[in-house]
Structures are given as C-alpha cells and as structure tokens.
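Here is how the chains run, residue by residue.
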Amino acid sequence: MKHVIVITGATGTGKTTVSTYLKTKFQIPRIITHTTRPMRPGEKDGVDYYFETDASFASNHYLESVTYAGYQYGSSYEGLQRAFEKNDLVSIVLDTKGAETYVRELKEQAFILFLTVGQSVILHERLRDRGDQLEMIQSRIKSKEYSRDLTLPADLKGVATVIQNDHWGNTQEKLDTIVTQLRASAL
Ligand SMILES: Nc1nc2c(ncn2[C@@H]2O[C@H](COP(=O)(O)OP(=O)(O)O)[C@@H](O)[C@H]2O)c(=O)[nH]1
Ligand SMILES: Nc1ncnc2c1ncn2[C@@H]1O[C@H](COP(=O)(O)OP(=O)(O)O)[C@@H](O)[C@H]1O
C-alpha cells in the first residue's frame with residue numbers, strides 16, 4: 001500500500017528538517033503545498049511552497065486548506081496523485097487540522113508523525129536561530145493555531161506516532177525505524 005507520511009506539530013518543532021532528512025536519506029519526496037505567506041530568505045517558489053497571491057490561491061482546487069497565523073495554506077489531490085505515481089512513500093508537512101483531514105480522507109494510507117519538544121520556549125530560540133523576522137515570530141507565537149499545535153489533538157491520539165524532537169540523533173534513529181517498517185508494509 002502507498003503511504004503519505006504527514007509531518008505535523010507546532011512551528012519550529014522540526015517538520016521541515018524531518019521532511020528534508022526523509023528526502024536526502026531515503027529519497028522520499030515531499031509534496032509541495034500552496035501558501036499566501038511571504039517567502040522567507042532562502043526559500044524558493046516551487047521548491048519550499050507554491051507561493052500564491054490571495055487571488056491565485058482562491059483559483060486552485062484543494063483537498064484541504066486552512067488559515068494559519070493569518071495566511072492561507074492548501075494541498076491538492078493532484079499533488080498527492082502525481083507523487084504517488086512515481087513513489088510508494090511520500091511526505092507532506094501540514095498543521096494538525098490538515099493532518100486530521102488526511103486521516104479522514106486517506107484512512108490508513110496516512111501515517112501521522114506528530115513532532116513536539118520538551119519545553120516550548122526552545123521553539124522561540126529555534127525560530128530566531130532559523131533567521132525568522134522578530135515580528136513574524138511574535139505574530140506566529142501569538143496565533144491560536146500555534147498554541148493549538150503544541151498539543152496532540154484528541155482526534156489524533158492513538159493514531160499519530162509522536163516524536164519528541166529535542167535531540168536530532170534520537171529523532172533520526174526513530175525516523176529510520178519508521179521508514180523501514182513502512183517500506184516493509186508496502187511489500
Ligand atoms: N493544513 C495545511 N497546513 C499546511 C499546508 N502547508 C503548510 N502547512 C502548515 O502551515 C503551518 C505554517 O507553515 P510555515 O509558514 O511554513 O511555518 P513553519 O511551520 O514555521 O515552517 C505549518 O504548521 C505547516 O505545517 C497545507 O497545505 N495544509
Ligand atoms: N532536534 C533539533 N535540535 C536542534 N535544532 C533543531 C532540531 N530539529 C530542527 N532544528 C532546527 O530548528 C529550526 C526549526 O526547524 P524547522 O524544521 O524549520 O521547523 P518547522 O518546519 O516545524 O517550523 C531549524 O533551524 C532547524 O535546523
């Protein structure tokens with residue numbers, strides 16, 4: 001069976017880092033989603049996101065879409081189908097609301113990975129070290145979506161695999177085990 005690894009959790013917990021690791025080590029591609037948020041330095045259109053205006057965002061057809069900290073984000077069926085045509089295992093980075101939709105729509109094809117950290121104050125430091133602008137960090141941290149995604153939602157309890165991403169070495173070991181199991185289940 002084909003699987004999509006849905007990487008979810010609060011801002012700064014390491015979702016992008018995990019998706020990059022899956023791509024580099026295991027050639028698991030990440031489905032690129034759409035957003036109206038401004039590009040961060042170093043980000044590229046079509047690589048990190050499809051960056052949209054409000055008008056172009058509205059013209060696309062989405063499997064699911066959300067507002068997160070004042071910006072819109074959405075993922076399409078076409079993106080998933082295209083990725084599945086070439087790969088049995090793909091990944092996508094979503095907020096927890098999107099992860100809940102993927103569980104409902106894709107059932108056991110969605111493997112949910114919820115990232116967390118021991119102390120949420122670490123996340124502020126990570127965002128600063130990542131080079132995010134101070135106003136962006138503050139508005140992000142004040143958003144209800146950020147607070148919501150710090151905790152595993154009730155709907156995902158017993159469904160999601162939780163990784164506490166405090167130590168990258170430990171996280172890598174857990175990811176390696178998960179990929180081995182998912183690949184074995186595809187045989
Ligand atoms: N539901 C949903 N969430 C998305 C989508 N694309 C990105 N996200 C989530 O939107 C949130 C904000 O993403 P981003 O602005 O890149 O900030 P970051 O989490 O700090 O890297 C994160 O939780 C992402 O996982 C999407 O297509 N659908
Ligand atoms: N286990 C870890 N220990 C320390 N720093 C980490 C760890 N995992 C990720 N980071 C760093 O934290 C920052 C936020 O990670 P990122 O993957 O961008 O998070 P997200 O996509 O969830 O917002 C990045 O600078 C990344 O290099």
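Per an unreviewed UniProt entry, the recorded name for the chain is Guanylate kinase, and the organism is Secundilactobacillus angelensis. As stated in UniProt under Sequence similarities (unreviewed entry), the record for the chain gives "Belongs to the guanylate kinase family." As its UniProt record puts it under Catalytic activity (unreviewed entry), the chain is described as follows: "GMP + ATP = GDP + ADP".

A. Structural context of the layout of surface pockets. One number sums up the size of the largest pocket: a volume of about 980 Å³. Lining the largest pocket are 41 residues, and of these T16, R37, R40, Y49 and R130 sit closest to its centre. Broken down by element, the lining of the largest pocket gets its largest block of residues, four residues, from helix α1 (residues 15–26). Of the residues belonging to the lining of the largest pocket, the class tally is 12 nonpolar, 15 polar and 14 charged. Lining the second largest pocket are 13 residues; nearest its centre among them are R30, I31, G79, R82 and A83.

B. The environment of R30, seen in detail. Residue position: R30 is located in the loop between α1 and β2 (34–35). In this structure R30 comes out as partly exposed when scored by relative accessible area, which is 22%. With 135 residues separating them in the primary sequence, R30 and N165 have C-alpha atoms 19 Å apart. Filtering out sequence-adjacent residues up to four positions away, R30 remains in contact with S19, K23, V47, D48, S91, I92 and V93.

C. View of the UniProt feature "domain: Guanylate kinase-like" (unreviewed entry) in the chain. Residues given the UniProt feature "domain: Guanylate kinase-like" (unreviewed entry) here are residues 2–180. Taken as a whole, residues 2–180 contains 42% helix and 21% strand, while its terminal C-alpha atoms sit 14 Å from one another.

D. Structural context of the site of ligand 2. Not every one of the 14 residues close to ligand 2 is listed here, only the nearest: G12, K15, T16, T17 and N165. Within the side chain of R130, one N or O atom sits 2.8 Å away from an oxygen atom of ligand 2. When ligand 2 sits alone it has 570 Å² of accessible area, and the protein chains cover 75% of it. Of all the cavities here, the one that holds ligand 2 is the largest pocket. Ranked by residue count, the leading element in the shell around ligand 2 is α1, at three residues.

Rules of the game
Residues numbered from 1 in each chain as written. Chains lettered and ligands numbered in written order. Predicted model: local features only at pLDDT ≥ 70, side-chain atom pairs only at ≥ 80, totals over all residues. Heavy atoms only, no water. UniProt positions renumbered as here; feature names shortened; annotations may be inferred. 1 Å grid on protein atoms, 1.4 Å probe; cavity = no way out; pocket = protein on both sides within 12 Å on 5 of 7 lines; lining within 4 Å. Points joined across faces, edges and corners; volume = space filled by probe spheres on them. Helix = DSSP H or I, 4+ residues; strand = E, 2+ residues; numbered from the N terminus. Nonpolar A, V, L, I, M, F, W, Y, C, P; charged D, E, K, R; others polar. Buried < 20%, exposed > 50% of the residue type's maximum accessible area, 1.4 Å probe, protein only. Contact = heavy atoms within 4.5 Å. Near = heavy atom within 4 Å. Polar contact = N/O pair within 3.5 Å; in protein donor to acceptor, adjacent residues only side chain to side chain. Areas by Shrake-Rupley, 256 points an atom, 1.4 Å probe, with all protein chains shown as cover. Sits in = over half its atoms within 2 Å of the grid points.

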